[in-house]
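Residue-level structural notes
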Amino acid sequence: MSLQDELTAVQRCLDDLIRSVGRLEKAGDGGLDIRRVRTDTDHLRESVALLRETAPRTAVVRPDLVTIPDTPYDTSLWTDSDDEGLGARDRRAP
């Protein structure tokens, strides 16, 4: 995986964690422990955002496209070639 893919996976996991902490906050009494966890998840979110900003961007190198014309090929290109395993042009398949 590339660095960007890894950071995206981390972001998805962090989003799941933030949703789970939110559900815990709603279910609980909002005590000191859950507030600490909320603060930690907020710090993680900020840290991942900083990582994403400073991560080097790798450009996707795509090969050059080759245009194939619709005009027929020159038949002289195939004078000494075999016909798909059938041997030379003047012979027949067994």
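Placed above this text is the structure.
Along each chain, residues carry numbers from 1 onward, in the same order as the chain's sequence is written. In view of the model being predicted, local features appear only for residues whose pLDDT reaches at least 70, and side-chain atom pairs are presented and counted only at 80 or more, with totals across whole chains, interfaces and linings using the full set of residues. Each side-chain value is worked out from all heavy atoms of the structure, with water and hydrogens disregarded.

**Quick look at the pattern of salt bridges**
For clarity, the threshold we go by: Each reported salt bridge corresponds to a side-chain nitrogen of Lys or Arg within 4 Å of a carboxyl oxygen of Asp or Glu. Think of it this way: any DSSP run of H or I at least four residues long counts as a helix, any run of E at least two long counts as a strand, and we number them from the N terminus. Remark: exposure states derive from per-residue accessible area (1.4 Å probe, protein chains only) relative to the maximum for the residue type, with buried under 20%, exposed over 50%, and partly exposed in between.
Throughout the structure, instances matching the rule amount to three salt bridges. Across the pair Arg19 and Asp16 runs a salt bridge whose closest N-O atoms are separated by 2.2 Å. Residue Arg19 and its partner Asp16 are located together in helix H1 (residues 3-27), separated by three residues, close to a single helical turn. For Arg19, a relative accessible area of 46% gives the class partly exposed.

**Comments concerning the side chain of Thr41**
The test is simple: Two residues qualify as a contact provided that any one of their heavy atoms is within 4.5 Å of a heavy atom in the partner residue.
As for its placement among the helices and strands, Thr41 is situated in helix H2 (residues 32-54). Given the relative accessible area of 2%, Thr41 is considered buried. What Thr41 contacts, discounting residues up to four positions off in sequence, is Leu14, Leu17, Ile18 and Val21.

**Regarding H1**
Note the threshold: Helix span is expected to be 1.5 Å times the residue number reduced by one.
Over its 25 residues, H1 runs 36 Å from end to end, which matches the ideal 36 Å to within 8%, given 1.5 Å per residue. Buried residues of H1: Gln4, Leu7, Leu14, Ile18, Val21 and Gly22, and no others. Looking at the buried positions of H1, the neighbouring elements they touch are H2.

**Some words on the packing of H1 against H2**
Using the following cut-off: Every axis in this analysis is a line fitted to C-alpha atoms, fitted for helices over the stretch in contact. Angles between the N-to-C directions lie between 0 and 180 degrees. By definition in this entry, angles of less than 35 degrees are roughly parallel, angles greater than 145 are roughly antiparallel, angles of 65 to 115 are roughly perpendicular, and the rest are oblique. In this scheme the handedness of a crossing depends on how the near helix is turned from the far one: anticlockwise by less than a right angle means left-handed, clockwise means right-handed. When residues are sorted by character, Ala, Val, Leu, Ile, Met, Phe, Trp, Tyr, Cys and Pro go into the nonpolar class, Asp, Glu, Lys and Arg into the charged class, and all the rest, Gly among them, into the polar class.
It is the contact of H1 with H2, at a shortest axis distance of 10 Å, that shows an interaxial angle of 160 degrees. On the basis of their axis angle, the class for H1 and H2 is roughly antiparallel. Crossing of H1 over H2 shows left-handed handedness. Facing H1, whose interface residues are Leu7, Thr8, Val10, Gln11, Leu14, Leu17, Ile18, Val21, Gly22, Leu24 and Glu25, H2 presents Ile34, Val37, Arg38, Thr41, Leu44, Arg45, Val48, Leu51 and Arg52. Grouping the constituent residues of the contact of H1 with H2 by class yields twelve nonpolar, four polar and four charged.

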